[in-house]
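# Summary of the model geometry
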Amino acid sequence: MDKMMDSPWVLRIVALFLAFLLFFSVRTELSPKNKSILNEQTVVIRDVPVDVFYDDKNLIVTGIPKTVNVTIKGPTPLALKAQTSRDFSIFADLSKLLIGEHNVRLQYENISDKLQVTLDPATIKVNIEEKVTQEFRVDPELNTRLIEEGYILNSMSSNPATVYVTGAKSAIENISYVKATVTGEQGLREPFSQVAEVKVLDRDLNKLDVTIEPATVKVQVDIGAYSRELPVVLKEIGKAANSITVNQLTISPTKVRVYGKKSIIDALTAIPLEVDLSKITESKTYEFEVKLPEGVTKISDSKIKVKADITKVEQEKTTTTTTTTTTPAPPPTPPPTSEESKTPSEDDTPPAEKTEDIDS
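Residues numbered from 1 in each chain as written. Predicted model: local features only at pLDDT ≥ 70, side-chain atom pairs only at ≥ 80, totals over all residues. Heavy atoms only, no water.

The next point concerns the confidence of the model for the chain. The predicted model of the chain has a mean per-residue pLDDT of 83, with 81% of residues at 70 or higher. Within the model, pLDDT remains below 50 along residues 316-329, and this stretch shows zero contacts once partners closer than five positions in the same chain are excluded. In the predicted structure, residues 337-360 sits below a pLDDT of 50 and forms five contacts with residues beyond four places in sequence or in another chain. (pLDDT = per-residue confidence, 0-100. Contact = heavy atoms within 4.5 Å.)

What follows is the structure, encoded as structure tokens:
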């Protein structure tokens, strides 16, 4: 064996065999087919924006996807460069198309010709329509279940009250609602304001693809206690003094607004006002406090004015005869009899005179 290996011819044959083996091995590696396989790369670039060219001042285009996926296949350096830099663009040229529906093939630029490009989707269906701008009133809305029991939504208003909506003619014609929805926590009981987004909806409450200016409005929400206006009914209590006759009692105001739970307030028909007649002493205006019915939390006028018209009755004066003590007058002298009326005789002479005559 050693002699064979020492033979120059054996060494020459082995060297030749190795040379052939190396030659064919290198040739296979350098063949165009294998070289292409080793240097080729496939990459997928997702969410590439789509540019659209058309008369955007007068027309509206629908059906254009915002993004597409781009698959690039080719030499690894070029494919990786395109994936990293993303300096190419995808677009749809609609500048020469008329109003109506069209099938349009998307195009690309700034991608090497050595790369194979596939777009998903490659073809799109677009609708070109006239652009229309119209003014709409904004309707604010709030879920009333958020309002605390005993309180109600009095009113809602938005500032500004209207917005301008721009879109395709067909979209503008399908607008049924322009709303601004406000939200809040459970148990709302006080007024508040909130900035809300404006939404444009069709009759099925589907959001329409339109432009809104302004996109938000400030909504003012007025929440207050439930109330009703009820008449005031006068209720007389007590008794007027004997010397007073009450001719008329006039109340003011004749109606008041009461607040409270809806079930309680709706059951009331009037608000009684108790007027104590014993406190009315003259014709003037009095004030009496209103007693709140059970369940009423507040009243617009807690005191009611009562104008009284009375007549004072004068008592009959009892005449008292005052008895004065005086000397009784002498009884009248009786008239003289017929004998006493005669001419006085000597017998009528006073006794003194008769005595004197006897002595003489």
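Remark on secondary structure: sheet strands pair via backbone hydrogen bonds, oriented parallel or antiparallel. Strand order in the open sheet made by the four strands is β19-β16-β18-β21, with mixed pairing throughout. Strands at the two margins of the open sheet, each flanked by one partner only, are β19 (271-276) and β21 (296-299). Here the average twist between neighbouring strands, direction ignored, is 45 degrees. Relative to strand β18 (residues 255-260), strand β16 (residues 227-237) is paired through five bridges, and the arrangement is antiparallel. Across the sheet, the residue bridging to Pro231 is Lys255, located in β18. (Pairing = 2+ DSSP bridges. Helix = DSSP H or I, 4+ residues; strand = E, 2+ residues; numbered from the N terminus. Axes fitted to C-alpha atoms, helices over the stretch in contact; angles between N-to-C directions.)

Right, let's talk about the side chain of Thr166 for a bit. Its place among the elements puts Thr166 in strand β11 (residues 162-168). We classify Thr166 as buried; its relative accessible area is 19%. Looking at Thr166, its side chain comes within polar contact range of the side chain of Thr133, at 2.8 Å. Those residues within four positions of Thr166 in sequence are excluded, and the remaining contacts are Lys131, Val132, Thr133, Ile172, Val210 and Thr211. (Buried < 20%, exposed > 50% of the residue type's maximum accessible area, 1.4 Å probe, protein only. Polar contact = N/O pair within 3.5 Å; in protein donor to acceptor, adjacent residues only side chain to side chain.)

What follows concerns the side chain of Thr76. With respect to the element layout, Thr76 can be found in helix α4 (residues 76-85). We classify Thr76 as buried; its relative accessible area is 19%. If we ignore the near neighbours within four places in the chain, the residues touching Thr76 are Asn39, Glu40 and Gln41.

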